[in-house]
Each structure stands twice: as C-alpha cells, then as structure tokens.
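# Coordinate analysis (summary)
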Amino acid sequence: MKSAVTTVVTSADAAGRFPTMSDIEAVKGSFDRAPARMAAAEKLASGIDKVTADAVDAIYRNGSYDQANKDKCSRDIHHYLRLINYCLVTGGTGPLDEWGIAGMREVIRAQRLPTAAYIEAFAHIRDRVCVPRDMDQQAATEFKSLLDYLINALS
C-alpha cells in the first residue's frame, strides 16, 4: 500500500539512490501531520454513517438523480469514505488509488450510476466540514485535501 514512506523509498529505489534529505523531510512532514490525520480519521469513523446519509440526502433531495440508484450511491459513498479514512491513517493516497479510483470508477460506469452525483456528494461533505465543531483546522485540512483528491480523480 502506498504511504508517504513507501512512496519515498520506492522513488529513491527506482532512481538507484538512497533517499535524499528532501525525501526524508517529506516523510518527516507526513509524520508531523499524523496527529491531525488521526484526529480526522477518528472523527470520520465515529460519524461515517451520518456523513454518508447527509451527503446522499442532499444530492437526491432536488430530484436530479434517479431515486432507484440512491442505495447504490449511498453504499459507494460510504465505501469511498472508508478509503479516505484509511488514507488518513496511512498518510498517503494508496487506499484510494488502489481500491477506489480505478476500480470503483469502472463499477460506477458499469452500473450506469451518475459520476456527477458522487462528485456532488463529496463536494457537499467537503463544504460542510466545520472548524471547530467537527474537527480542528489541521484535521479539516487533511480530510478536505483527500476529498479534493477524490473529486479531481472522479472528474
């Protein structure tokens, strides 16, 4: 699984060199942000069902999407949020890259689910994060950056 450490080591190994000081600084930065990522992961884990339901209700409320797909969309959004939670814990985008973006994109297409609904849902979640109600600023930044990463990958 791709994490900050494995990314640096793999990159250095592919170049036939030892990690440089800037590589080590990048890993140190990831370790320094670990408490914020863990706080975000804890908050997301404790409210994942509510976050999922709120996002799905928000995007299906206006009638833009077929209600028959609502349960599948809810299932998938919950799955993506779990992957984001894993990313927060590992400090890298590996879980999203390996299990969410390529694979789930194909599932969404095969089931003819509207990708726009997912993008709207994740944007809704990102925009609803409230500092300090939900989490502190640094935790919110870590969480939102992964939501942005996912939104960009699905776009």
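In every chain, residue numbers begin from 1 and rise along the written sequence. Confidence filtering applies because this is a predicted model: local features only for residues at pLDDT of at least 70, side-chain atom pairs given and counted only at 80 or more, and all residues used for totals across whole chains, interfaces and linings. Side-chain numbers come from the whole structure's heavy atoms, not from hydrogens or water.

### Here's the deal with the overall build of the protein
Helix numbers and strand numbers start at the N terminus; a helix is a DSSP run of H or I with at least 4 residues, a strand a run of E with at least 2. Looking only at helices and strands, the protein features six helices and zero strands. Shown N-terminal to C-terminal, the secondary structure of the protein runs as helices and strands in the order α-α-α-α-α-α. Seen through its principal axes, the protein has C-alpha atoms that stretch 55 × 40 × 20 Å. Relative accessibility thresholds used throughout: buried, under 20% of the residue-type maximum; exposed, over 50%; partly exposed, between the two (1.4 Å probe, protein chains only). Among the 155 residues that make up the protein, the fraction classed as buried is 40%. Of the contacts made within the protein by residues no fewer than 6 positions apart, 71% connect residues no fewer than 24 positions apart. Here the open area of atoms and residues is found with the Shrake-Rupley method and a 1.4 Å probe, where only the protein chains shown may cover a residue. Summed over its atoms, the accessible surface of the protein is roughly 8400 Å², and 56% of this surface lies on carbon and sulfur atoms. When charges are counted, Lys and Arg are positive and Asp and Glu negative, with His and the chain ends excluded. For this purpose, a charge sits on NZ of Lys, CZ of Arg, CG of Asp or CD of Glu. A gap of 3 Å separates the mean positions of the 19 positive and 20 negative side-chain charges of the protein. Contact definition: two residues touch when any of their heavy atoms are within 4.5 Å.

### A word on the environment of Arg-112
Positionally, Arg-112 belongs in the loop between helix H4 (94-110) and helix H5 (115-128). Overall, the relative accessible area of 75% leaves Arg-112 in the exposed class. It is 9.2 Å that separates the C-alpha atoms of Arg-112 and Asn-69, two residues lying 43 residues apart in sequence.

### A look at the nonpolar core
Within the largest apolar cluster, 39 residues are counted, with the highest numbers of intra-cluster contacts made by Ile-77, Tyr-80, Leu-81, Ile-84, Tyr-118, Phe-122 and Phe-143. Mapped by element, the contributors of at least two residues to this core are helix H2 (21-60), helix H3 (70-90), H4, H5 and helix H6 (137-154). Among the elements that make up this core, the one with the highest residue count is H6 (nine residues). If sequence neighbours within four positions are ignored, Phe-122 has contacts with Ile-77, Tyr-80, Leu-81, Leu-147, Leu-150, Ile-151 and Leu-154. Within this scheme, the nonpolar core is defined by two criteria: the residues are buried Ala, Val, Leu, Ile, Met, Phe, Trp, Tyr or Cys, and they are joined through side-chain atoms within 4.5 Å.

### Side note on the packing of H2 against H6
Put simply, H2 and H6 touch, their axes get as near as 8 Å, and they point 75° apart. One element, H2, and the other, H6, form an angle in the roughly perpendicular class. Touching Arg-33, Ala-36, Arg-37, Ala-39, Ala-40 and Leu-44 of H2 are Gln-138, Ala-139, Glu-142 and Phe-143, all from H6. Amino acids outside the nonpolar list (Ala, Val, Leu, Ile, Met, Phe, Trp, Tyr, Cys, Pro) and the charged list (Asp, Glu, Lys, Arg) are all regarded as polar, and Gly is one of them. Looking at side-chain class alone, the contact of H2 with H6 contains six nonpolar, one polar and three charged residues. Axis geometry follows a simple rule: fit a line to the C-alpha atoms, using only the stretch in contact for helices, then measure angles between N-to-C directions, giving values from 0 to 180 degrees. Working definition: roughly parallel below 35 degrees, roughly antiparallel above 145 degrees, roughly perpendicular at 65 to 115 degrees, and oblique for all remaining angles.

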